[in-house]
Amino acid sequence: MTTTTPQESAARAESAATLPDDPAEHFAGYAVMGVPFSSGHYLAFRRFAASSIGPGYHAVWLRTPDGHWRIYADVPPDRSCARYFGAAAAETVTARVDAEWTGPWTLTVGVPGVVNWKLELAATWITAAATAMALHLPSALWRRDGMVNAMGRMMGPALGAGRLKFAGLVPNGQSFQAKPLRVWAVTGSSAMIDGGDAGSPQPLPVQDHLADFWLPQRGLFVADTSVRFPSTATSHDDALAGS
């Protein structure tokens, strides 16, 4: 398998992210699935360069130590992650969200005045194995909820991430199917949040989830990633879903 860096995969998404031709709502790009911190904060990042419902966007998800979520995105809530996860958030904010690659394996993400977040990424033997498995799974099987969730049950513990699900329901009630094809580990991360230090990466005492979407207990970066919301289609073929 050809070696690629996270920065290269991100650049490819910026220039060539594509969406399937079906009536469901779709997004494609790359993401930090999430990083938990010793302070009790949790951060996640989404860069969907392609969207079937509007312009591409950046989003930061922030969990405070008391368990409340905020979603920041640079498009309105009805065109961003809040369309699906807003029911679980205390706030959904339209704001500038910055992302800068400072090297092939380093990324800085920010929401001015709120978050300044630095990440170091790396490939490990288990992320390489997870990537190989995902890349070799036939496209049709990504539409089988049972199949992809079985893969999540294997990948989550192997990656040290706890429980993972790639299909199910989101807080606003839509069904989702996630397809992350390339995986890397977050090996270092620091953040200033609301003017305070978030501490070091550390699993939360209890793994958090938003409906059926579980936030990993270890930092993971994914690219060549797409998310499909089958239930939003006015006419769609879900014959494979749930089987």
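What you are looking at is a predicted structure, and each value in this text was computed from that prediction instead of being measured.

Glancing now at the packing of aromatic side chains. For the coordinates displayed, the defined rule picks out 17 aromatic pairs. Taking 6.1 Å as the distance between ring centres and 80 degrees as the angle between the ring planes, the aromatic pair formed by F27 and Y57 counts as edge-to-face. Taken together, the residues span a long stretch of sequence, with F27 in strand 1 (residues 25-36) and Y57 in strand 3 (residues 57-63) at a distance of 30 residues. Residue classification places F27 among the buried positions, given a relative accessible area of 2%. These aromatic residues form a ring-pair network of at least three members: Y42, W61, W69, F85, F176 and F213. Of note, R46 hangs over the ring of W61, and the distance from its end group to the ring centre comes to 4.3 Å.

Our next topic: the pairing of strand 8 (residues 115-122). Successive side chains on a regular strand alternate, one facing one side of the sheet and the next facing the other. Burial along strand 8 is one-sided: the residues V115, W117, L119 and L121 are buried and none of N116, K118, E120 and A122 is. Both strand 7 (residues 106-111) and strand 8 contribute to a ladder of six bridges, which runs antiparallel. Counted as the bridge partner of T108 is K118 from strand 8. The turn linking strand 7 back onto strand 8 is made up of three residues, and G113 within it adopts a positive phi angle of 80 degrees. For strand 8 and strand 10 (residues 175-193), the ladder comprises eight bridges, and the chain directions are antiparallel. Within strand 10, the position partnered with A122 by the bridge is A185.

Turning next to the side chain of Q174. Of note, Q174 is situated in the loop between strand 9 (167-169) and strand 10. At 3.1 Å, the side chain of Q174 forms a polar contact with the backbone oxygen of R83. The residues contacting Q174, other than those within four sequence positions of it, are R83, Y84, G168, L169, F229, S231 and T232.

Okay, the side chain of S51 next. When you line up the elements, S51 lands in strand 2 (residues 42-51). Here the side chain of S51 touches I53 through a polar contact of 3.1 Å, landing on its backbone nitrogen. Engagement of the side chain of S51 in a polar contact is seen with the backbone nitrogen of G54, the distance being 3.4 Å. Ignoring anything within four residues of it in the chain, the contact list for S51 reads L19, H26 and F27.

Attention now moves to the pattern of salt bridges. For the structure shown, the criterion picks out 12 salt bridges. A salt bridge links R63 to D208; its shortest N-O distance comes to 2.8 Å. Note that R63 is positioned in strand 3 and D208 in the loop between strand 11 (196-197) and strand 12 (209-210), a separation of 145 residues in sequence. Overall, R63 belongs to the buried group, its relative accessible area being 13%. A salt bridge links D224 to R182; the nearest nitrogen and oxygen atoms lie 2.7 Å apart. Of this pair, D224 sits in strand 14 (residues 220-229) while R182 sits in strand 10, and the two are 42 residues apart along the sequence. Bridged by salt links that share partners, the residues R12, R182 and D224 form one connected network.

Reading the values: the criteria
- Residues numbered from 1 in each chain as written.
- Predicted model: local features only at pLDDT ≥ 70, side-chain atom pairs only at ≥ 80, totals over all residues.
- Heavy atoms only, no water.
- Phe/Tyr/Trp six-rings, centres within 6.5 Å; stacked < 30°, edge-to-face > 60°.
- Helix = DSSP H or I, 4+ residues; strand = E, 2+ residues; numbered from the N terminus.
- Buried < 20%, exposed > 50% of the residue type's maximum accessible area, 1.4 Å probe, protein only.
- Lys NZ or Arg CZ within 6 Å of the ring centre and 35° of its normal.
- Pairing = 2+ DSSP bridges.
- Polar contact = N/O pair within 3.5 Å; in protein donor to acceptor, adjacent residues only side chain to side chain.
- Contact = heavy atoms within 4.5 Å.
- Salt bridge = Lys/Arg side-chain N within 4 Å of Asp/Glu carboxyl O.

Bear in mind that shape data such as this cannot, by itself, settle questions of function.
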